[in-house]
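# Per-entry structural report
Given next are the chains, with one letter for each unit.
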Amino acid sequence: MANCYILSNNPLASQKYGSLVKVQKTDVMGIYTAARDAIHLGAVLINHPLSGSVKPNESPYRSLVLSTRQAEVDEKSLQLIEGAIAVLKKLGIKEREYPETVLDDFQVIDLDLLDSAMGALPAEYHT
């Protein structure tokens, strides 16, 4: 899977996917912003930034899959990430202290969504 990488702040993503993960020590807005920056540089967003039933302001973890291919700015990817940023801003960023068990649950949920995205990658991303 050399044609894509994972942008994540989830420790479980790093454990499972190793060098495919570009670890960000940030919040969800930081992940979205880093993805937007990558899209402006030619990356294509492969999974939806608002996937799953957990609102982006409720979980502290987010993992996004992006292409490594340099291309023109992909307008669909840009619209998706800008839309996700707008949703997060609209909902408001909640500063919460979660117990460790709840953080573990959020990591597992994010990893499950990531696993689904990785399992559904088109063939061009497996080379």
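Read on for an overview of the structure. Keep in mind that what you see is a predicted model, and the values were worked out from it rather than measured. (Residues numbered from 1 in each chain as written. Predicted model: local features only at pLDDT ≥ 70, side-chain atom pairs only at ≥ 80, totals over all residues. Heavy atoms only, no water.)

## With respect to the packing of helix α2 (residues 28–40) against helix α3 (residues 75–91)
Running from N to C, α2 and α3 cross one another at 160°; their axes reach a closest spacing of 10 Å. One way to sum up the angle between α2 and α3 is to call them roughly antiparallel. Crossing geometry of α2 relative to α3 is assigned as left-handed. Here Val-28, Met-29, Tyr-32, Ala-35, Arg-36, Ile-39 and His-40 of α2 lie close against α3, whose contacting residues are Ser-77, Leu-78, Ile-81, Glu-82, Ala-84, Ile-85, Leu-88 and Lys-89. (Axes fitted to C-alpha atoms, helices over the stretch in contact; angles between N-to-C directions. Helix = DSSP H or I, 4+ residues; strand = E, 2+ residues; numbered from the N terminus. Parallel < 35°, antiparallel > 145°, perpendicular 65-115°, else oblique. Left-handed = near helix turned anticlockwise from the far one by under 90°. Contact = heavy atoms within 4.5 Å.)

## A few points about the nonpolar core
Core analysis: the largest hydrophobic core is formed by 18 residues, its most contacted members being Tyr-32, Leu-64, Leu-66 and Ile-81. Of all the elements in the fold, those that place two or more residues in this core are β1 (4–8), α2, β3 (63–67) and α3. Element by element, the count of residues in this core is highest for α2, at seven residues. When neighbours within four sequence positions are excluded, Leu-66 is seen to be in contact with Asn-3, Cys-4, Tyr-5, Leu-7, Ala-35, Ala-38, Ile-39, Ala-43, Val-44, Leu-45 and Ile-46. (Core = buried A, V, L, I, M, F, W, Y, C linked by side-chain atoms within 4.5 Å. Buried < 20%, exposed > 50% of the residue type's maximum accessible area, 1.4 Å probe, protein only.)

## Focus on the side chain of Ser-63
By the secondary structure assignment, Ser-63 is in strand β3. Exposure remark for Ser-63: the relative accessible area of 4% places this residue in the buried category. There is a polar contact of 2.6 Å between the side chain of Ser-63 and the side chain of Ser-8. Sequence-distant contacts of Ser-63, defined by excluding residues within four places in its chain, comprise Ile-6, Leu-7, Ser-8, Asn-10, Ala-13, Asn-47, Asp-110 and Leu-114. (Polar contact = N/O pair within 3.5 Å; in protein donor to acceptor, adjacent residues only side chain to side chain.)

## Things to note about helix α4 (residues 100–119)
Under the 1.5 Å per step criterion, the end-to-end length of α4 is 28 Å for 20 residues, consistent within 8% with the ideal 28 Å. Turning to α4, its buried residues are Leu-103, Phe-106, Gln-107, Asp-110, Leu-111, Leu-114, Ala-117 and Met-118. Axial view of α4: buried residues confined to an arc of 135°, hence all on one face. Turned more than 90 degrees off the buried face of α4, the exposed positions are Thr-101 and Gly-119. Where α4 is buried, its residues touch β1, α1 (11–17) and β3. (Expected span 1.5 Å × (residues − 1). Arc of directions from axis to C-beta.)

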